[in-house]
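Coordinate analysis (summary)
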Amino acid sequence: MTESTPRGTAVPELALNNGVRIPQLGFGVFQIPPEETRVAVGEALRAGYRHIDTAAAYRNESGVGAALAESGLPRGDVFITTKLRNGEQSSPRAAFEASRKALGVDWIDLYLIHWPVPSQGLFTQAWKELESLQADGMVRAIGVSNFLPEHLDELLAGATVVPAVNQFELHPTFQQAELAAKSRSHGLAVEAYSPLGQGKDLGSAAVTGLAAKYGATPAQIVLAWHLGMGNIVIPKSATPARIRENLAAAAISLTPEELGLISALETGERIGADPALAAFTQM
């Protein structure tokens, strides 16, 4: 599995709640330096990825856009996600336009409110602007990131459009099962960032045992778990071999019992910031 050619790997797609289809396994560029992003995304596109996840806060949207332009791929063949910075929740349309120009595209496939920042009290107002952007045909789907149940409740109470996605920290040792269930119950797809626990979830006996069974890497097994659980997942790497290996995880189908072995690794330990308290501007 680790040496297979992922160009022949069929990546499953999920239909979002408005019918837009999203490749379930994508390529994330969080913490990839801007000057390295063009090269990394170019490698990902050549390997066969057709879903790229970035954000204004990552400061590498232009690298994503350059790689997309250099790839020669039709715009409609690549699903692009970017996100609204916390410090721009009062001006989402201008922020969106800046992201669109940095990416060099006419439209964006998925635009997310990056964090709720409840202390600002702006995310419901920002959501109305995202609804307007979608109505204007500038973005195909809109969603949220890092929204906890109480944030979803507040947003949905006044929303005309139900978010298509909730992207949040999710990996075997921190699964946020309640949040995932609530998101899905309202029609939001669940998208996992830090899907490998930033590498901390790869050394368990359950994961390494399955890796040996399938002739795969531990990372491939954890990614296969995400796919088997119905999560959209966006692993990040700047290493060409690992970029290809991660994509090849789509060829692994774990049994329900094997999925359960990995689900049993839950510890409740968060790696990133707590969305109930996070208040950084990202500017």
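Everything numeric here is computed off the predicted structure, so don't read it as measured data.

Procedures and definitions
- Residues numbered from 1 in each chain as written.
- Predicted model: local features only at pLDDT ≥ 70, side-chain atom pairs only at ≥ 80, totals over all residues.
- Heavy atoms only, no water.
- Helix = DSSP H or I, 4+ residues; strand = E, 2+ residues; numbered from the N terminus.
- Buried < 20%, exposed > 50% of the residue type's maximum accessible area, 1.4 Å probe, protein only.
- Contact = heavy atoms within 4.5 Å.
- Core = buried A, V, L, I, M, F, W, Y, C linked by side-chain atoms within 4.5 Å.
- Pairing = 2+ DSSP bridges.
- Phe/Tyr/Trp six-rings, centres within 6.5 Å; stacked < 30°, edge-to-face > 60°.
- Axes fitted to C-alpha atoms, helices over the stretch in contact; angles between N-to-C directions.
- Parallel < 35°, antiparallel > 145°, perpendicular 65-115°, else oblique.
- Nonpolar A, V, L, I, M, F, W, Y, C, P; charged D, E, K, R; others polar.
- pLDDT = per-residue confidence, 0-100.
- Salt bridge = Lys/Arg side-chain N within 4 Å of Asp/Glu carboxyl O.
- Right-handed = clockwise from strand over helix to strand, strands pointing away.

Section: the side chain of Gln167
- With respect to the secondary-structure elements, Gln167 resides in strand E8 (residues 165–169).
- Classification of Gln167 by relative accessible area gives buried; the value is 2%.
- Beyond its immediate chain neighbours, meaning those up to four positions away, Gln167 contacts Asp53, Lys83, Leu112, Val144, Ser145, Asn146, Glu191, Tyr193 and Ile234.

Quick look at the nonpolar core
- In terms of nonpolar packing, the biggest core is built from 68 residues, with Phe27, Val29, Val41, Ile52, Tyr111, Ile221 and Leu254 touching the most fellow members.
- When residues in this core are grouped by element, the largest group, seven residues, is from helix H8 (residues 218–228).
- Contacts of Leu254, omitting those with residues within four sequence positions, involve Tyr214, Ile221, Ala224, Trp225, Leu259 and Ile262.

Points about the sheet that holds strand E7 (residues 139–145)
- Pairing in this open sheet of eight strands is parallel, and the strands run E3-E4-E5-E6-E7-E8-E9-E10 from one edge to the other. Every other strand in the sheet has two partners, leaving strand E3 (27–28) and strand E10 (232–233) as the edge strands with one partner each.

A closer look at helix H2 (residues 61–71)
- Looking at H2, one finds that the buried residues are Glu61, Gly63, Val64, Gly65, Ala67 and Leu68.
- Buried positions along H2 lie against helix H1 (34–47), strand E4 (51–53), strand E5 (79–84) and helix H3 (92–103).
- Gly72 sits one or two residues past H2 and shows a positive phi near 75°.

Some remarks on the packing of aromatic side chains
- Inspection of the entire model under this criterion finds five aromatic pairs.
- Taken together, a centroid distance of 5.2 Å and an interplanar angle of 55° make the contact between Phe30 and Tyr58 tilted. Placement of Phe30 in the loop between E3 and H1 and of Tyr58 in the loop between E4 and H2 is noted, with a sequence separation of 28 residues between them.
- For Phe30, a relative accessible area of 39% translates into the label partly exposed.
- What makes Tyr58 buried here is its relative accessible area of 16%.
- The interplanar angle of 75° and the centroid separation of 5.1 Å between the aromatic rings of Phe123 and Phe147 together place this pair among those described as edge-to-face. A residue pair is termed long-range when its members are at least 10 positions apart, and Phe123 in helix H4 (residues 123–135) and Phe147 in the loop between E7 and helix H5 (149–158) qualify at 24 residues.
- Accessibility expressed as a relative area gives 3% for Phe123, which makes it buried.

A closer look at the packing of H3 against H4
- Viewed as axis vectors pointing N to C, H3 and H4 meet at an angle of 50°, and their least axial separation amounts to 9 Å. It follows that H3 is oblique to H4 by the angle criterion. From H3, Pro92, Arg93 and Phe96 reach across to H4, where they touch Ala126, Glu129, Leu130, Ser132 and Leu133.
- When grouped by side-chain class, the residues that make up the contact of H3 with H4 number five nonpolar, one polar and two charged.

Brief notes about the confidence of the model for the chain
- Of the residues in the chain, 97% have a pLDDT of 70 or more, and the chain-wide mean is 96.
- Predicted confidence in the chain is weakest over H1, with a mean pLDDT of 96, and strongest over strand E6 (residues 108–113), with 99.
- In the model, residues 1–6 has pLDDT below 50 throughout and makes 17 contacts with residues more than four positions away in sequence or in other chains.

Describing the pattern of salt bridges
- With the rule as written, the count across this model stands at 13 salt bridges.
- For the salt bridge of Arg93 with Asp136, the shortest nitrogen-to-oxygen distance reads 2.9 Å. Of the two residues, Arg93 sits in helix H3 while Asp136 sits in the loop between H4 and E7, which places them 43 residues apart along the sequence.
- For Arg93, a relative accessible area of 34% translates into the label partly exposed.
- Using a relative accessible area of 46% as the deciding quantity, one classes Asp136 as partly exposed.
- Between Glu131 and Lys128 there is a salt bridge, with the nearest N and O atoms lying 3.5 Å from each other. Separated by three residues within a single helix, Glu131 and Lys128 lie in helix H4, roughly one turn from each other.

Section: the pairing of E8
- For E8, a buried count of five out of five residues is recorded, marking the element as mostly surrounded by other parts of the structure.
- In terms of strand pairing, E7 meets E8 through two bridges, oriented parallel. Along E8, the bridge assignment pairs Ser145 with Gln167.
- In this fold, the crossover linking E7 to E8 by way of H5 has right-handed handedness.
- The sheet contact formed by E8 and strand E9 (residues 189–193) spans five bridges and is parallel. Bridging from a neighbouring strand, Gln167 pairs with Glu191 of E9.
- Taken together, E8, helix H6 (residues 177–185) and E9 form a β-α-β motif whose crossover is right-handed.

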